[in-house]
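Spelled out, the chains give:
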Amino acid sequence: MKTSEGAADSNPDIPALCAHDVLSQSDLFYVHFDERGRSATLGFSRVDGTEGVEFFLRFPEVRDVRVRGWGAPGRKDVHVDRAADGTVQVSASSDGSSLRFRAAGVVLSRERDFLAAAHG
């Protein structure tokens, strides 16, 4: 499965997996805030036929966190953009829920391909 479709054009330091079309067509299944490192990690998965990919994005030095409700794991409207001040702005929303925060940057902390059962 090609995961770099629609590479993030806003800044070359942002991994291609952060493109809006990639994230919003993936299931957001994991959100973890680590107060020790002031970081957030978001986990996504995508399945296309029998091929799947799972990846985790880590955001260091998180601040300005806002959460309103939270729905079940699944597709969300996800944006990761570089702001004029150099920080990374993150938002994930779906009906009745939203998550927003700013971070010092973003790194791909883990990625793995897997075989998925065919649906149908």
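This is a predicted model, so every value here is computed, not measured.

Undergrad: Quick question: what am I supposed to make of the sheet that holds strand β1 (residues 27-34) here?
TA: As a general point, the strands of a sheet are linked pairwise by backbone hydrogen bonds and lie either parallel or antiparallel. Taken in spatial order, the 5 strands of this open sheet run β5-β1-β2-β3-β9, and their pairing is antiparallel. This sheet does not close on itself; its edge strands, each paired only once, are β5 (74-75) and β9 (107-115). Both strand β3 (residues 51-59) and β9 contribute to a ladder of 8 bridges, which runs antiparallel. Paired with Glu51 across the bridge in β9 is Leu115.

Undergrad: Explanation requested: the sheet that holds strand β4 (residues 63-68) in the structure shown.
TA: Taking strand neighbours across the sheet as the criterion, the 4 strands line up as β4-β8-β7-β6 in an open arrangement whose pairing is antiparallel. The open sheet terminates on both sides in strands that have one partner only, identified here as β4 and β6 (77-82). Ignoring which end each strand starts from, the neighbouring axes of this sheet average 5 degrees apart.

Quick notes on the rules
- Residues numbered from 1 in each chain as written.
- Predicted model: local features only at pLDDT ≥ 70, side-chain atom pairs only at ≥ 80, totals over all residues.
- Heavy atoms only, no water.
- Pairing = 2+ DSSP bridges.
- Helix = DSSP H or I, 4+ residues; strand = E, 2+ residues; numbered from the N terminus.
- Axes fitted to C-alpha atoms, helices over the stretch in contact; angles between N-to-C directions.

These figures capture arrangement, not role.
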